[in-house]
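# Structural features, examined
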There are 2 protein chains.
Amino acid sequence: MDQEIGHRLKAIRTRLGLSQRHLARVSGVANATISQIEAARLNPTVSMLKKVLDGIPMSLSEFFADDFEAVDRIFFRAEELTEIADGGVSFRQVGANLHNKAIQLIKECYQPGAGTGRHAMTHEGEECGIVLSGRLEVTVADKTEVLRAGDAYYFRSDQPHLFRNPGNEPCELITACSPPSF
Amino acid sequence: MDQEIGHRLKAIRTRLGLSQRHLARVSGVANATISQIEAARLNPTVSMLKKVLDGIPMSLSEFFADDFEAVDRIFFRAEELTEIADGGVSFRQVGANLHNKAIQLIKECYQPGAGTGRHAMTHEGEECGIVLSGRLEVTVADKTEVLRAGDAYYFRSDQPHLFRNPGNEPCELITACSPPSF
DNA sequence: CCGATGTGTTTACTAAGCTAAACATTCTGA
DNA sequence: TCAGAATGTTTAGCTTAGTAAACACATCGG
């Protein structure tokens, strides 16, 4: 049991690029505690585990979620793709529990004129995508291109990047990020 | 935190009609432990809580599930109703976390000829339903009726019962069980 | 009326969680 | 090459989780 907890915590922490000490600091616990939990030399109390997860942040339910489903979950029905709408942009994400996955696969839809906003984003990892329909203007660092159905992109996410639909019909595309960025 | 755990455990235990000592016996822990957890005089370790929940049985994820949604979750979109297909029968259930709810509300659909199987079911509680479309043959103890759109039923579940669609078009209905039976 | 059995609570004790601090190791960058 | 800061690990201690057993209180049957 505690071994399972340790493995899971370590996997989640390392995937997010956090050190034991960093996670310990933001969650207000001793770094030794995290070390011992991960090494399964400790059966954490629920409050302690919650305190640690609060620094990620991640709920207890999410942490334990793959106990019975997410780990070996393979197929997802169209209706199951959780939709996140944000202005003229909508996301439909494969699977709900990101934290223990390496890839975040999303079906996105940009309405005409919609985009990721004025300032470029910068974060760890890599991302790529392929356009299904419509037109998508992709800006990475100082390079800008307009992609059409069948076109694709791939770049390291530490380069500032933004997306925008410059056309007058919705733009659908499939994107993938690794590690998950939100 | 520990207070939250205590309240939740007590609610679940009492809903299932278990005494502290009975739950303690089947899960192999001291009854004092359960008493103290429920009274929030103790921060249980994860393994301890898991051990207790194993006696219910209930997963950690289910236990914590309503941390962030189910407790005050009120509205559910059509697409959110989790679908369970089983032969010619499909279920769409309102909400995923049953254990801390008193009612299990399901939209069911029986394909022509489909049913709950050859042997009647018997379990604790009460259940009822109303037919939306098609025809449904309901057998309770030694009584059998065919229901049509607008018809309904209500019986104590300790009477053997089974369902079957005797028509040649799908039968849709809404059912409710209390307490949840699966 | 009073044992017998059910409930949840409190208590003394030991086993273990959690922390602060020291330790070991690796990787920088000057 | 070597200081410095990062990483994860170990250790001594104080605190607390968990147990067995006693306690207090209801309900029930004879």
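Since the model is a prediction, treat every value here as computed from it, not as a measurement. (Residues numbered from 1 in each chain as written. Chains lettered and ligands numbered in written order. Predicted model: local features only at pLDDT ≥ 70, side-chain atom pairs only at ≥ 80, totals over all residues.)

### Things to note about the overall build of chain A
Looking only at helices and strands, chain A has five helices and nine strands in total. Its helices and strands taken in sequence order, chain A reads α-α-α-α-α-β-β-β-β-β-β-β-β-β from the N to the C terminus. Sorting the 182 residues of chain A into buried and exposed places 24% on the buried side. Long-range pairs, those at least 24 residues apart, make up 63% of the contacts in chain A with a sequence separation of at least 6. (Helix = DSSP H or I, 4+ residues; strand = E, 2+ residues; numbered from the N terminus. Buried ≥ 20, exposed ≤ 12 C-beta atoms within 10 Å, placed from the backbone. Contact = placed C-beta atoms within 7 Å.)

### Some details on the protein's contact with DNA strand D
Residues in close proximity to DNA strand D total 21 residues, the closest being Ser19 and Ala32 of chain A together with Ala32, Asn43 and Met48 of chain B. Among the elements of the structure, α2 (20-27) and α3 (31-38) of chain A together with α3 (31-38) of chain B are those that each provide at least two residues to the surface near DNA strand D. With five residues, α3 of chain A is the largest single contributor of residues to the surface near DNA strand D. Considering only residue class, the surface near DNA strand D consists of eight nonpolar, eleven polar and two charged. (Near = placed C-beta within 6 Å. Nonpolar A, V, L, I, M, F, W, Y, C, P; charged D, E, K, R; others polar.)

### Some details on the protein's contact with DNA strand C
Taken together, 21 residues lie near DNA strand C, and Ala32, Asn43 and Met48 of chain A together with Ser19 and Ala32 of chain B sit nearest. Among the elements of the structure, α3 of chain A together with α2 (20-27) and α3 of chain B are those that each provide at least two residues to the surface near DNA strand C. The class makeup of the residues in the surface near DNA strand C is eight nonpolar, eleven polar and two charged.

### A few points about the nonpolar core
Ranked by size, the top nonpolar core spans 28 residues in total, and within it Leu49 and Phe64 of chain A together with Leu49 and Phe64 of chain B carry the most contacts. Going through the elements one at a time, α1 (2-15), α3, α4 (46-54) and α5 (60-65) of chain A together with α1 (2-15), α3, α4 (46-54) and α5 (60-65) of chain B are the ones with two or more residues in this core. (Core = buried A, V, L, I, M, F, W, Y, C linked by C-beta atoms within 7 Å.)

### Quick look at the sheet that holds strand β6 (residues 143-148) of chain A
Residues and elements named next belong to chain A. Sheet architecture is open: three strands sit in the order β6-β5-β8, paired in antiparallel fashion. At either end of the open sheet lies a strand with only one pairing partner, and these are β6 and β8 (161-164). When the angles between neighbouring strand axes are averaged without regard to direction, this sheet yields 20 degrees. Relative to β8, strand β5 (residues 135-140) runs antiparallel, the two being bridged by four bridges. By the bridge assignment, valine 138 is partnered in β8 with phenylalanine 163. (Pairing = 2+ DSSP bridges. Axes fitted to C-alpha atoms, helices over the stretch in contact; angles between N-to-C directions.)

### Description of the packing of α2 of chain A against α3 of chain A
Residue and element names in this part refer to chain A. Interhelical geometry of α2 versus α3 gives an angle of 120 degrees and a closest axis separation of 8 Å. With respect to each other, α2 and α3 are oriented oblique. Note that α2 runs across α3; the crossing there is right-handed. Note on element contacts: α3 touches α2 through Asn31, Ile34 and Ser35, opposite Gln20, Arg21, Leu23 and Ala24. Looking at the contact of α2 with α3, its residues break down into three nonpolar, three polar and one charged. (Parallel < 35°, antiparallel > 145°, perpendicular 65-115°, else oblique. Left-handed = near helix turned anticlockwise from the far one by under 90°.)

### So, unusual backbone geometry
With the exception of glycine, most residues fall at negative phi, and the peptide bonds are largely trans. Notably, alanine 40 of chain A is not glycine yet its phi reads approximately 60 degrees, a positive angle. On the secondary structure map, alanine 40 of chain A appears in the loop between α3 and α4.

### Overview of the sheet that holds strand β5 (residues 136-140) of chain B
Note on sheets: strands pair through backbone hydrogen bonds, and any given pair is parallel or antiparallel. Residue and element names in this part refer to chain B. Reading across the sheet, the three strands line up as β6-β5-β8 and stay open at both edges, with antiparallel pairing between neighbours. Each edge of the open sheet carries a strand with a single partner, namely β6 (143-147) and β8 (161-164). On average, each strand axis in the sheet is tilted by 15 degrees relative to the strand beside it, whichever way the strands run. As judged from the five bridges shared by β5 and β6, these two strands associate in the antiparallel manner. Paired with valine 140 across the strands is lysine 143, a residue of β6.

### Thoughts on the pairing of β5 of chain A
Residue and element names in this part refer to chain A. Pairing geometry for β5 and β6, over six bridges, is antiparallel. The residue bridging glutamate 137 from the neighbouring strand is valine 146, located in β6. Where β5 hands over to β6, the hairpin turn is made up of two residues, of which alanine 141 adopts a positive phi near 55 degrees.

### Considerations on α3 of chain B
Every α-helix carries 3.6 residues per turn, so stepping three or four residues along brings you back to the same face. Residues and elements named next belong to chain B. Those residues of α3 that fall on the buried side of the exposure criterion are Ile34, Ile37 and Glu38. Looking down the long axis of α3, one finds its buried residues gathered within 95 degrees of arc, a one-sided arrangement. One or two positions beyond α3, positive phi appears at alanine 40, with a value near 60 degrees. (Arc of directions from axis to C-beta.)

### Quick look at the environment of isoleucine 5 of chain A
Following the sequence through the fold, isoleucine 5 of chain A ends up in helix α1. Separated by 59 residues in the primary sequence, isoleucine 5 of chain A and phenylalanine 64 of chain A have C-alpha atoms spaced 8.7 Å apart. Discounting chain neighbours no more than four positions away, the residues touching isoleucine 5 of chain A are Ile37 and Pro44 of chain A together with Val46 of chain B.

### Looking at the environment of leucine 60 of chain A
For leucine 60 of chain A, the position within the fold is in helix α5. A count of 22 C-beta atoms within 10 Å places leucine 60 of chain A in the buried class.

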